[in-house]
Amino acid sequence: MFAEALHAATKKHAPQRAFRIRRTKVFIQLLRQWPLSEGIALGQAFARALGDMRGIQRYGSFYLPMDEALILCAVDLSGRCTLNWDVRCSTEKVGDFDVECAKEFWLGFARSVPATVHFVQFAGENTHHILEACFKGAGHALGAAVKIDEAHKDEIPSTKGLLV
């Protein structure tokens, strides 16, 4: 479930300067065993792909309804790491995936980009729907944040002139 959600989050909404993730059995097994490490690795690759973040929008948010679940994901590619995980799941596992690993993945991602990432659950009972909405919503929010601002494409999106 985790690998499928991660693939959905990155497949359609990865930045043009970003990378492609290969879905192999080994990769899926690693995701199940080490989500924090994989969040760190994906965050580092994401940061490298963006470089100095010149010209990006910087901010992105997305409300994602998935059946009875409603999740907000908001990101600020600020150069500072914060994770707000306001998500409540009623089960400890979805298949063989430990639900607490989703938070650990996003913590690793936020720390290594670095970025501020918020997940807020407004509704939902089905743990699978809640987590899938988190990952897909993050894909949309990150896609919006890395979109090039044509009016400011040569500028770093900060009044300080750098993101730290």
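To start, this report covers the structure provided alongside it.

About the criteria used
- Residues numbered from 1 in each chain as written.
- Predicted model: local features only at pLDDT ≥ 70, side-chain atom pairs only at ≥ 80, totals over all residues.
- Heavy atoms only, no water.
- Pairing = 2+ DSSP bridges.
- Helix = DSSP H or I, 4+ residues; strand = E, 2+ residues; numbered from the N terminus.
- Axes fitted to C-alpha atoms, helices over the stretch in contact; angles between N-to-C directions.
- Contact = heavy atoms within 4.5 Å.
- Salt bridge = Lys/Arg side-chain N within 4 Å of Asp/Glu carboxyl O.
- Buried < 20%, exposed > 50% of the residue type's maximum accessible area, 1.4 Å probe, protein only.

A few words on the sheet that holds strand β2 (residues 69-76). Spatial strand order, β1-β2-β6-β3: four strands in an open sheet with mixed pairing. Pairing within the sheet leaves two strands with one partner each, and these edge strands are β1 (59-66) and β3 (82-86). In this sheet, neighbouring strand axes are inclined to one another by 10° on average, regardless of whether the strands run parallel or antiparallel. Here β3 pairs with strand β6 (residues 116-123) via five bridges, running parallel. Following the sheet pairing, Leu-83 is matched in β6 by Val-117. Contacting β3 and β6, helix α4 (residues 100-112) runs over the sheet at an angle of about 160° to β3. Helix-sheet contacts for helix α5 (residues 127-145) involve β1, β2, β3 and β6, and the interaxial angle to β1 is about 150°.

In the structure shown here, the tally under the stated rule is four salt bridges. For Arg-88, the salt bridge identified is with Asp-86, shortest N-O distance 3.4 Å. Between Lys-93 and Asp-98 there is a salt bridge, and its shortest N-O distance comes to 2.5 Å. Residue Lys-93 is classed as partly exposed on the basis of its relative accessible area of 44%. Overall, the relative accessible area of 30% leaves Asp-98 in the partly exposed class.

Keep in mind these values describe shape, not function.
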